[in-house]
Amino acid sequence: MDVARIRNDFPVLSKEIGGKLPIYFDSACQTLRPKQVVGAIDEYYESFPACAGRSVHKMATEVSLRCDQVRARVADFLGAETPTEIAFLKNTTEGLNTVIFGSSLRKGDEVVTTDYEHNSLHVPVVQAANSLGIRQKIVHSSTDDTFDLELYEQNMSKRVKLVAMCLTSNVTGYTLPAREVVDIAHSYGAKVLFDAAQTAPSQKIDVSDIGVDYLACSAHKMCGPSGVGIFFVRSDLSE
Ligand SMILES: Cc1ncc(COP(=O)(O)O)c(C=O)c1O
């Protein structure tokens with residue numbers, strides 16, 4: 001690995017702000033942005049600062065085409081069947097809220113989570129419990145901090161409408177057995193939402209292979225711009 005060449009891609013590493021930044025270890029929160037990303041953002045503001053999918057002039061057409069291209073690339077990156085399964089939101093948090101408050105959960109429905117959720121998922125589930133009357137069931141991890149599939153299945157019933165879980169923990173880095181979790185949820189008729197904020201930057205995800213219904217992650221944890229969330233929703237559920 002050519003570290004010097006990689007460092008060169010990140011303008012902030014050569015800046016003197018109270019001394020040079022020798023190293024950066026906070027990428028799980030937010031990565032640094034390489035000059036290619038900063039340049040692409042500058043290019044937008046300098047060359048075609050228009051709205052995608054609305055106006056029909058030259059600049060807007062350029063933005064629309066680029067949005068279509070990036071949607072297709074993100075679909076490929078996540079293994080989605082079609083680019084129309086990808087929407088861009090503000091961040092992971094907005095994707096999680098969209099499902100928790102947008103999938104017609106009603107009083108008495110159950111939502112199953114883990115005991116290591118990030119606040120982005122835990123808080124909206126608690127809010128939905130208070131405002132909609134749903135019930136949150138928490139699957140406790142095994143003593144070695146791995147996911148307890150047996151305990152998970154004991155929490156499942158036909159009352160569970162949504163399994164909403166952190167795919168990769170921001171605390172331990174552990175990734176739960178996605179396919180098994182989805183298969184068990186589907187066998188009870190429940191939908192599955194994965195918080196993939198820490199998975200997408202660190203490992204391959206194939207949403208079609210896993211069979212997950214909804215998945216959310218953020219560009220700012222993958223060298224991308226702030227304010228761009230990636231939201232996957234299976235075609236038959238997007239309405
Ligand atoms: C596991 C996990 N989920 C969700 C989030 C929230 O991401 P965002 O702030 O991009 O919505 C984070 C951010 O640290 C995270 O680590």
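Bear in mind the structure is a predicted one, so any value in this text is a computation, not a measurement. (Residues numbered from 1 in each chain as written. Predicted model: local features only at pLDDT ≥ 70, side-chain atom pairs only at ≥ 80, totals over all residues. Heavy atoms only, no water.)

### Topic: the environment of P177
Relative to the helices and strands, P177 resides in the loop between strand 4 (160-166) and helix 7 (178-187). The exposure class of P177 is partly exposed, given its relative accessible area of 22%. As a C-alpha pair, P177 and N155 span 22 residues in sequence and 16 Å in three-dimensional space. (Helix = DSSP H or I, 4+ residues; strand = E, 2+ residues; numbered from the N terminus. Buried < 20%, exposed > 50% of the residue type's maximum accessible area, 1.4 Å probe, protein only.)

### Comments concerning the site of the ligand
Every one of the 13 residues lining the ligand counts as a neighbour, but T93, D195, Q198, S218 and K221 are closest to it. T92 places a main-chain nitrogen or oxygen 3.3 Å from an oxygen atom of the ligand. Take D195: an N or O atom from its side chain is 2.6 Å from a nitrogen atom of the ligand. Notes on the ligand: free accessible area 400 Å², of which the protein chains cover 88%. (Near = heavy atom within 4 Å. Polar contact = N/O pair within 3.5 Å; in protein donor to acceptor, adjacent residues only side chain to side chain. Areas by Shrake-Rupley, 256 points an atom, 1.4 Å probe, with all protein chains shown as cover.)

### Some thoughts on the layout of surface pockets
In this structure, the largest pocket encloses a volume near 1400 Å³. What lines the largest pocket is a set of 32 residues, among which A40, I41, V70, P225 and V228 lie closest to the centre. Those elements that place two or more of their residues in the lining of the largest pocket are helix 2 (35-47), helix 3 (58-78) and strand 1 (86-89). The element best represented in the lining of the largest pocket is helix 3, accounting for eight residues. Across the lining of the largest pocket, the residue classes tally to 23 nonpolar, four polar and five charged. Taken as a whole, the second largest pocket encloses approximately 300 Å³ of empty space. As for the second largest pocket, its lining consists of 13 residues, and the residues nearest its centre are I6, F10, L13, Y24 and L32. (1 Å grid on protein atoms, 1.4 Å probe; cavity = no way out; pocket = protein on both sides within 12 Å on 5 of 7 lines; lining within 4 Å. Points joined across faces, edges and corners; volume = space filled by probe spheres on them. Nonpolar A, V, L, I, M, F, W, Y, C, P; charged D, E, K, R; others polar.)

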